[in-house]
Amino acid sequence: MVIRTTKTVRLIARPEWKALQRHAATMRRRHLRELFAADANRAERFSLEAAGLYFDHAKQRVDAQTLKLLLRLADACGVRERGEAMFRGERINTTEDRAVLHVALRAPKRERIVVDGHDVVADVHAVLDRMAAFCERVRGGDWKGHRGDRIRHVVNIGIGGSDLGPVMAYEALRAYGDRALDLRFVSNVDGTDFAEATRDLDPARTLFVVCSKTFTTQETLANAHAARRWCVAALGDEAAVARHFVAVSTNAAEVAKFGIDTANMFGFWDWVGGRYSMDSAIGLSTMLAIGPAHFRDMLAGFRAMDEHFRKAPFERNLPVLHALLGIWNTNFLGVESVAVLPYEQYLKRFPAYLQQLAMESNGKRVTRAGARVGVDTCPIVWGEPGTNGQHSFYQLIHQGTRRIACDFIGFCESANPLGDQHDLLMANLFAQGEALAFGKTATELRAEGVPAALVAHKTFEGNRPNSTILAARLDPRTLGALVALYEHSVFVQGVIWDIDSFDQWGVELGKVLARRIGTELAAPKTPRLAHDGSTNALIRRYRKLRGSAP
């Protein structure tokens, strides 16, 4: 494959990058206490609102000059141009020679995006309409199982983006779901995952949604065949597969071979990356849970953020500023990880979802042209819902030796108000951001009468960068806007680092080796092994303890 790229200036050679390095030498000596003291209106100057999300970045270690220099870097790196190329359907995934058009998944019917002479928006809405019709049949009871039973359980089988997106959205929008429909998710090839997900289910009332674009994904197909055996054994008829399985795939031949009626196959396209697919047919289980109307509300939230990202000036552009602050922290302040901390139990799977979105996209060491990037790229993304995390890892964030940036996410209304508990939850969110930013000095502690021997232990340096994203409530539209914010932020960072954010070659080598080792583990006689000494020894020990060695 010929990788078509234009000659680019090496990032660290750009004058805009060097200007930021010089500026960072000064900013590293400044404390957030000083920055707030110098600007009474800092909270207003360093906040903005878009698509229903309020973004407070006043507690980031930046001043007006920092943002000015970061915006110049974004312009110099061609963020606007690359963004427009994406929206036009150009093949910006250069290593796979593909367009990157998750934005088309939420485009209105009136819009046209032409790829290779074909309007893809029309295709998207055709699939959405088929999904909606199918979901209404299942939710309304018209779709019956093999014995005529109404479907009460849905099991989504997928892995990576075919699991992380649907399960995150299902958990996030439980308050909008049909509680008469029980959803489960199976992703791990470990048999325990399937066994536990189906242990208490009635096969006659269970529908499986198998998500695999090629219908060849090893883990997904292993679980799908386990589900098929489970279903047929219980119902006693191979024909039952057609009433208890549907597919999200593009491989009609393999889907039919499995026993699924291709009329119940919902497709998507090679310009939809797995980690960007939750609003495609991969979201079928989400639509089954929340219904077509709420699913379209979610798409509207995605679209609102898309439009903001595309049209807003960079100095008031939420995804651009979010991305640039990440560049600043990662490349100029030495921050190695980002903790995503939703103060909303329904978002408990959101940090895991963002791990794939960010780290599979930007966990790269070479540019689009194959040269070394020369700087750190994607930080480690992790997190846990508040307030649970406060009693787990916040000690490290507050007083540890590593610098960790934090994204706090909160909502002004609770879906489940219980007395004053939501106020208590949000009080903790605001308090943690304040404590991380300003800390507590030794002077303040001594003034409070803290014993001298404890002053050092109770001192909080503060100056820990953090932002807060606040919305009125967690509903389908807000979730769509929130996910799109992070999608576009990841994209902007990839443009600045000049990497291909849409391939994932780093997962391929392990897959190749796993297929080879799997054959060796299953061989009736000990095979001739040609791995390293450690791997050979592990294979031999496994075979011996499993009882398959001669």
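This is a predicted model, so every value here is computed, not measured.

1. So, the overall build of the protein
Part 1: From N to C terminus, the protein includes 22 helices and 13 strands.
Part 2: Its C-alpha atoms give the protein a radius of gyration of 25 Å, within 12% of the compact-globule value 24 Å for 550 residues.
Part 3: A principal-axis box enclosing the C-alpha atoms of the protein has dimensions of 75 × 60 × 60 Å.
Part 4: Classification of the 550 residues of the protein by burial places 54% in the buried group.
Part 5: For the protein, long-range pairs separated by at least 24 residues make up 73% of all intrachain contacts whose partners lie at least 6 apart in sequence.
Part 6: For the protein, the accessible surface area stands at approximately 24100 Å², while carbon and sulfur atoms represent 51% of it.
Part 7: Positive and negative charge centroids in the protein, built from 72 and 62 side chains respectively, lie 5 Å apart.

2. A few points about the packing of helix α13 (residues 292–311) against helix α14 (residues 318–332)
Part 1: One can describe the packing of α13 onto α14 by two numbers: an axis separation of 7 Å at closest approach and a directional angle of 75°. Comparing the axis directions of α13 and α14 gives the class roughly perpendicular. Two secondary-structure elements touch here, α13 through Met305, His308 and Phe309 and α14 through Leu318, Pro319 and Val320.
Part 2: Of the residues in the contact of α13 with α14, the class split is 5 nonpolar, 1 polar and no charged.

3. Remarks on the side chain of Glu171
Part 1: With respect to the element layout, Glu171 can be found in helix α7 (residues 161–172).
Part 2: Its relative accessible area of 11% is what places Glu171 among the buried residues.
Part 3: Polar contacts involving the side chain of Glu171 include one to the side chain of Arg174, which spans 2.8 Å.
Part 4: Setting aside residues up to four positions removed in sequence, Glu171 forms contacts with Tyr346, Lys348 and Arg349.

4. A few points about the sheet that holds strand β7 (residues 206–211)
Part 1: Taken in spatial order, the 5 strands of this open sheet run β6-β5-β7-β8-β9, and their pairing is parallel. Both edges of this open sheet fall to β6 (182–186) and β9 (265–266), since each of them pairs with a single strand only.
Part 2: Direction of pairing for β7 relative to strand β8 (residues 245–248): parallel, over a ladder of 4 bridges. From the neighbouring strand, Val209 faces β8, where its bridge partner is Val246.
Part 3: Relative to the sheet, α7 contacts β5 (153–157), β6 and β7, its axis offset from that of β6 by approximately 150°.
Part 4: Most of the contacts of helix α8 (residues 191–198) go to β6, to which it runs at about 170°, and overall it touches β6 and β7.

5. Quick look at the UniProt feature "active site" (unreviewed entry) in the protein
Part 1: Following the UniProt record, one finds the feature "active site" (unreviewed entry) at Glu360, His391 and Lys511. These annotated residues cover 152 residues of sequence, and their C-alpha atoms reach 37.2 Å apart at the extremes, leaving them scattered rather than at a single site.
Part 2: Locating Glu360 in the fold gives a position in helix α15 (residues 350–362).
Part 3: By relative accessible area, which is 23% here, Glu360 ends up partly exposed.
Part 4: For Glu360, the contacting residues outside a window of four places in its chain are Arg275, Gln355, Asp503, Gln504 and Val507.

6. Topic: the pattern of salt bridges
Part 1: Applying the stated rule across the entire model yields 32 salt bridges.
Part 2: A salt bridge links Glu360 to Arg275, with the nearest nitrogen and oxygen atoms 2.9 Å apart. With Glu360 in helix α15 and Arg275 in the loop between β9 and α12 (284–290), this pair connects stretches of sequence that are 85 residues apart.
Part 3: Under the relative-accessibility criterion, Arg275 is labelled buried at 3%.
Part 4: Measuring nitrogen to oxygen at the nearest pair gives 3.5 Å for the salt bridge that ties Glu461 to Arg403. Remark: Arg403 occurs in the loop between α16 (394–399) and β12 (404–411) and Glu461 occurs in the loop between α19 (452–458) and β13 (466–471); sequence separation between them is 58 residues.
Part 5: Here the salt bridges do not stand alone but share partners, grouping Arg106, Asp279, Asp306 and Glu487 into one network.

7. Quick look at the state of the cysteines
Part 1: In this structure the tally under the stated criterion is 0 disulfides.
Part 2: Free cysteine Cys77: the closest other cysteine sulfur is in Cys378, separated by 17 Å.
Part 3: The structure places no disulfide on Cys231, whose sulfur is separated from the nearest cysteine sulfur, that of Cys211, by 17 Å.
Part 4: We classify Cys231 as buried; its relative accessible area is 1%.

About the cut-offs
- Residues numbered from 1 in each chain as written.
- Predicted model: local features only at pLDDT ≥ 70, side-chain atom pairs only at ≥ 80, totals over all residues.
- Heavy atoms only, no water.
- Helix = DSSP H or I, 4+ residues; strand = E, 2+ residues; numbered from the N terminus.
- Rg over C-alpha atoms; globule rule 2.2 N^0.38 Å.
- Buried < 20%, exposed > 50% of the residue type's maximum accessible area, 1.4 Å probe, protein only.
- Contact = heavy atoms within 4.5 Å.
- Areas by Shrake-Rupley, 256 points an atom, 1.4 Å probe, with all protein chains shown as cover.
- Lys, Arg positive; Asp, Glu negative; His and termini not counted.
- Charge placed at Lys NZ, Arg CZ, Asp CG, Glu CD.
- Axes fitted to C-alpha atoms, helices over the stretch in contact; angles between N-to-C directions.
- Parallel < 35°, antiparallel > 145°, perpendicular 65-115°, else oblique.
- Nonpolar A, V, L, I, M, F, W, Y, C, P; charged D, E, K, R; others polar.
- Polar contact = N/O pair within 3.5 Å; in protein donor to acceptor, adjacent residues only side chain to side chain.
- Pairing = 2+ DSSP bridges.
- UniProt positions renumbered as here; feature names shortened; annotations may be inferred.
- Salt bridge = Lys/Arg side-chain N within 4 Å of Asp/Glu carboxyl O.
- Disulfide = S-S within 2.5 Å.

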